[in-house]
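Given next are the chains, with one letter for each unit.
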Amino acid sequence: MNVTVMSALLSTNTTSLSDGYTHNASQPSTIDDVVTLSSLMTSTPTSQQPQEEEELSLTERLLLLSAEERARAEDILLVIRYVIFVISLPATLVNVAVFLQPALRSATSVFVISLSLAQLVYILTNVVGRVMYAAIENPSTSKAYLIYGVYVSSYLGIVVRRANYLVMCYLSLERLYAVLRPLHIKQFLLTRFPLTVTAITYFVAAVWHVYMLAKSSIREVRSSRTGKMVYIFVYTDIYKKNPEIADGFAAAAPVLMTYIPLLVLMALNVTTVWALRRHNTNHMQSTANEDLRRQRERQMTRTILATTVIYIILSLPYAFHNIFKAVFTEFDKRQKYENMYYVSRSVAFTLTLLSCALDFFCFLLLSSNFRNTFFALFRLRRAKGGKQSMAEVSGSMVTSRSEVDTKY
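No experiment lies behind these values; they were computed from the predicted model shown.

A. Region of interest: the nonpolar core. Counting 57 residues, the largest nonpolar core has Phe99, Phe370 and Phe374 as the members making the most contacts within it. It is helix α6 (residues 143-180) that contributes the most residues to this core, 12 residues altogether. Beyond its immediate sequence surroundings of up to four residues, phenylalanine 370 is in contact with Asn95, Val98, Phe99, Leu104, Phe360, Phe363 and Leu364. With nine residues, the next largest nonpolar core counts Met132, Tyr133, Tyr145 and Leu146 among its residues.

Pasting the structure below:
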């Protein structure tokens, strides 16, 4: 029985949360690889045997990996991801708890909490996928595992990650406006309706990527090689009737929700740093609480620099991976550089998870407001006899509405 499987069905746009499910190089590394396993049972594999007589080019020396090298790399990355899971889950929850306190409640905190909750979803879907993979005897033939991997984790991963880029831009824009026009910050749209703007962003991202759910369906077929029933993905009738619509949304999504927001984010944060330093210079002699203001602005500048650099650095590998895959056809699944493709994607995925764990530590190290609220919330004391109530923390930090609105 010949079975036709669209191996390109789940392309760049569906490789998000399931990247870390499988660490054995002899098995598929993601859900979209697992679901096409049955096609490999009924077809002749593409020959990838190297020609020993020909000298390898520079590209081949850089990109060719053996199955053993891929297995070792993915085993190491899997251990790293386990550590990240253990750290990022409680850190993200604490981040949300601290920013929910009155001392830090502002438009900025709404964006930060939204990002933290989205990161929590991102982490949990990966943890659930990892647990399912370990618990199911043969995940590649489990319908539940395939449905969860593609219709839940991959979809949510794409939506959350791309919407987060946009929310980060809102956060940076709101801070820039607070520095440039502190007296008018209350009238700024992002300050007045942060929750509404954020909710609309996640909703639009979810609707935009519905094509991922409508593009394919699971079909059970019998393998002509083993005689066993296996599951494959096939194009739906909806997609067959209008493939250009889904393909158009798929092509536009990374540009509009990843590449452009990353460039805008870099520009906004660099401009904010410049504005803060310019503000320091122009108001050195006219500010009443000069020392306190300078300290807060220096903290703001350090926080902006740190979070921007970390966020962008950890996000770029995924973007570069997808761009390289799009322009270099042999850098893909079941192609010449398949092993390097999986290792590269696994590295990018691990770095994306790492960004979820580092936000809390950046706030804790660089923001005295966050530290004071954190210590008061969890009844922690940095020095003997240094008791401070939450009300005292709120009173010491909330000195004016404009200062609250520019907190990070």
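B. Structural view of the pairing of strand β2 (residues 229-235). Among the seven residues in β2, six count as buried, and that is most of the element. With seven bridges joining them, strand β1 (residues 216-222) and β2 adopt antiparallel strand pairing. Note that in β2 the partner of glutamate 220 across the bridge is tyrosine 231. Linking β1 to β2, which pair antiparallel, is a turn of six residues; within it glycine 227 sits at a positive phi near 80°.

C. Layout of the environment of tyrosine 151. Along the chain, the position of tyrosine 151 falls in helix α6. When the C-alpha atoms of tyrosine 151 and alanine 214 are compared, they prove to be 9.7 Å apart, with 63 residues separating the residues in sequence. Those residues within four positions of tyrosine 151 in sequence are excluded, and the remaining contacts are Leu213, Ser216, Ser217, Ile218 and Phe233.

D. Just empty space enclosed by the protein, in detail. Within this structure, the stated rule accounts for six cavities of 30 Å³ or more. Size it by volume and the largest cavity reaches roughly 250 Å³. Gln119, Asn164, Tyr311, Ser355 and Asp359 are, among the 20 residues lining the largest cavity, the residues nearest its centre. Looking at the lining of the largest cavity, the elements with two or more residues in it are α5 (107-135), α6, α12 (290-327) and α13 (338-366). Tallying contributions element by element places α6 first for the lining of the largest cavity, with six residues. Looking at the lining of the largest cavity residue by residue, the class counts come to 11 nonpolar, seven polar and two charged. The computed volume of the second largest cavity comes to approximately 70 Å³. The wall of the second largest cavity is formed by Arg161, Arg162, Tyr165, Pro254, Thr258, Tyr259, Ser315, Tyr318, Ala319 and Asn322. Elements that contribute at least two residues to the lining of the second largest cavity include exactly α6, α11 (243-282) and α12. No other element matches the four residues that α12 contributes to the lining of the second largest cavity.

E. Expanded view of helix α8 (residues 194-208). The end-to-end C-alpha distance of α8, which contains 15 residues, comes to 21 Å, matching closely the 21 Å that a straight helix rising 1.5 Å per residue would cover. Residues of α8 that are buried include every one of Pro194, Val197, Thr198, Thr201, Tyr202 and Ala205, and no others. Relative to the axis of α8, the buried residues are bounded by an arc of 130° and lie together on one face. Turned more than 90 degrees away from the buried face of α8 sit Leu195 and Phe203, all of them exposed.

F. Quick peek at the packing of α5 against α13. Between α5 and α13, the shortest axis-to-axis distance is 11 Å and the interhelical angle comes to 140°. When the axis of α5 is compared with that of α13, the two are oblique. When you trace α5 past α13, the crossing you get is left-handed. Residues Val112, Gln119, Tyr122, Ile123 and Asn126 of α5 lie in contact with α13, whose contacting residues are Phe349, Thr352, Leu353, Ser355, Cys356, Asp359 and Phe363. Taken together, the residues of the contact of α5 with α13 sort by class into seven nonpolar, four polar and one charged.

G. Seen up close, the pattern of salt bridges. Taken as a whole, this structure holds one salt bridge when the rule is applied. In this structure, arginine 70 engages glutamate 74 in a salt bridge whose closest nitrogen and oxygen atoms are separated by 3.6 Å. With arginine 70 and glutamate 74 both in helix α4 (residues 67-99) and four residues apart, the pair spans about one turn of that helix. The exposure classification of arginine 70 matches that of glutamate 74, with both residues buried.

Cut-offs applied
- Residues numbered from 1 in each chain as written.
- Predicted model: local features only at pLDDT ≥ 70, side-chain atom pairs only at ≥ 80, totals over all residues.
- Heavy atoms only, no water.
- Core = buried A, V, L, I, M, F, W, Y, C linked by side-chain atoms within 4.5 Å.
- Buried < 20%, exposed > 50% of the residue type's maximum accessible area, 1.4 Å probe, protein only.
- Helix = DSSP H or I, 4+ residues; strand = E, 2+ residues; numbered from the N terminus.
- Contact = heavy atoms within 4.5 Å.
- Pairing = 2+ DSSP bridges.
- 1 Å grid on protein atoms, 1.4 Å probe; cavity = no way out; pocket = protein on both sides within 12 Å on 5 of 7 lines; lining within 4 Å.
- Points joined across faces, edges and corners; volume = space filled by probe spheres on them.
- Nonpolar A, V, L, I, M, F, W, Y, C, P; charged D, E, K, R; others polar.
- Expected span 1.5 Å × (residues − 1).
- Arc of directions from axis to C-beta.
- Axes fitted to C-alpha atoms, helices over the stretch in contact; angles between N-to-C directions.
- Parallel < 35°, antiparallel > 145°, perpendicular 65-115°, else oblique.
- Left-handed = near helix turned anticlockwise from the far one by under 90°.
- Salt bridge = Lys/Arg side-chain N within 4 Å of Asp/Glu carboxyl O.

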